[in-house]
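# Architecture and fold: a report
Listed here are the chains, written in short residue letters.
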Amino acid sequence: MAFREINAKMIEATVAPGQRLFSQRGAMLAYRGEVSFTPNTAGGQGGIMSMIGRRVADEDTPLMTVEGNGTVLFGHGGHHIQVIRLTGDTLYVEADRLLAFEGSLQQGTMFLGSQGGVMGMVRGQVSGQGLFTTTLKGHGAVAVMAHGGVIEIPITPQRPVHVDPQAYVAHHGEVRNKLSTALGWRDMVGRGSGEAFQLELSGSGAVYVQASEEKL
């Protein structure tokens, strides 16, 4: 396991020869050993299509490739950090919430409309997040950022979860998303979250929710 949680806002990453990590630019706080940080122009493990997805989504979050032999302390903007361990499944997370992830994970992008139809597209407009979301798949660890701490809520076939789109951080598993509202379209004008919109997540997996609706 490459990541160790130091406190709620800082993690320590172990960098070993022959392995690599990817981190958000500006996330390095300190390091020990022979460690190099190189701007990543290939979109992580996802290649050029991952870069295109982020640019189309206006989510061109720069990544750094971290290699060498040592340890690195990561944190960013005083945000709370949650480490998520993947065991073969896929994590869906907004690009600007990614702090760091292991190079063993395959990075890509997904158009939200492919899961939520037209309403999935609306979610991107309403929440202020892009129409694309970043995917990380495989075995490894991911560190994501949030405001005010994070809670993991299980999603089961018998019990879907409804989340304020602004409070959504990430989700994993066999999960479908759909944006719904209890108000008419005329009533929704000018409203971005709260009771006006709800993101319904159904299936089997888990969703990570932040304590604050503040955007990163």
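This structure is a prediction, so every number in the text was calculated from the model and none was measured. (Residues numbered from 1 in each chain as written. Predicted model: local features only at pLDDT ≥ 70, side-chain atom pairs only at ≥ 80, totals over all residues. Heavy atoms only, no water.)

### Thoughts on the overall build of the protein chain
In terms of regular secondary structure, the protein chain is built from 3 helices and 13 strands. A total of 216 residues make up the protein chain; the buried ones form 49% of that total. Considering only intrachain contacts with a sequence separation of at least 6, the fraction spanning at least 24 residues in the protein chain is 81%. Working note: accessible area of the protein chain is about 10,100 Å², and carbon and sulfur atoms make up 52% of it. (Helix = DSSP H or I, 4+ residues; strand = E, 2+ residues; numbered from the N terminus. Buried < 20%, exposed > 50% of the residue type's maximum accessible area, 1.4 Å probe, protein only. Contact = heavy atoms within 4.5 Å. Areas by Shrake-Rupley, 256 points an atom, 1.4 Å probe, with all protein chains shown as cover.)

### Let's talk about the side chain of Thr-135
Turning to its location among the elements, Thr-135 is positioned in strand S9 (residues 132–146). Apart from residues no more than four positions distant in its own chain, Thr-135 is found in contact with Thr-90, Leu-91, Tyr-92, Gln-106, Gln-107, Gly-108, Thr-109 and Met-110.

### Quick word on the pairing of strand S5 (residues 63–74)
Note that strand S2 (residues 10–15) and S5 share 5 bridges and pair antiparallel. When the sheet's bridge partners are listed, Val-15 is paired in S5 with Gly-70. Looking at chain direction, strand S3 (residues 20–24) and S5 are connected through 5 bridges and run antiparallel. Opposite Ser-23, over in S5, you have Met-64 as the bridge partner. (Pairing = 2+ DSSP bridges.)

### Side note on the environment of Asp-164
Residue position: Asp-164 is located in the loop between strand S11 (161–163) and strand S12 (168–180). Residues Asp-164 and Gln-198, 34 residues apart in the sequence, show an inter-C-alpha distance of 5.2 Å. A distance of 2.8 Å separates the side chain of Asp-164 from the backbone nitrogen of Gln-166, its partner in a polar contact. (Polar contact = N/O pair within 3.5 Å; in protein donor to acceptor, adjacent residues only side chain to side chain.)

### Re the pattern of salt bridges
Counted by the stated rule, this structure contains 3 salt bridges. We note a salt bridge from Arg-4 to Glu-12, for which the minimum N-O separation is 3.1 Å. On the basis of relative accessible area, Glu-12 is assigned to the buried category, the value being 12%. For the salt bridge of Glu-12 with Arg-32, the shortest nitrogen-to-oxygen distance reads 3.0 Å. Of this pair, Glu-12 sits in strand S2 while Arg-32 sits in strand S4 (residues 28–40); the two residues are 20 residues apart in sequence, bridging distant segments of the chain. Look at the salt bridges and you will find they share partners, linking Arg-4, Glu-12 and Arg-32 into a network. (Salt bridge = Lys/Arg side-chain N within 4 Å of Asp/Glu carboxyl O.)

### Regarding the nonpolar core
With 18 residues, the main nonpolar core has Phe-3, Ile-11, Leu-21, Val-66, Phe-74 and Leu-99 as its most contacted residues. Setting aside chain neighbours within four positions, we find Val-66 in contact with Val-15, Gln-19, Arg-20, Leu-21, Ser-23, Val-35, Ser-36, Phe-37, Val-72 and Phe-74. (Core = buried A, V, L, I, M, F, W, Y, C linked by side-chain atoms within 4.5 Å.)

### Some remarks on the environment of Ser-23
Among the secondary structure elements, Ser-23 is positioned in strand S3. For Ser-23, a relative accessible area of 2% corresponds to the buried category. Distance in space between the C-alpha atoms of Ser-23 and Glu-102 is 8.8 Å, their sequence separation being 79 residues.

### Here we look at the confidence of the model for the protein chain
Considering every residue of the protein chain, the mean pLDDT works out to 79; 70% of them sit at 70 or more. At the low end of the mean pLDDT range in the protein chain sits helix H1 (residues 47–56), at 44; at the high end sits S2, at 96. Here residues 46–59 scores under 50 on pLDDT; set against residues more than four positions off or in separate chains, the count is 31 contacts. (pLDDT = per-residue confidence, 0-100.)

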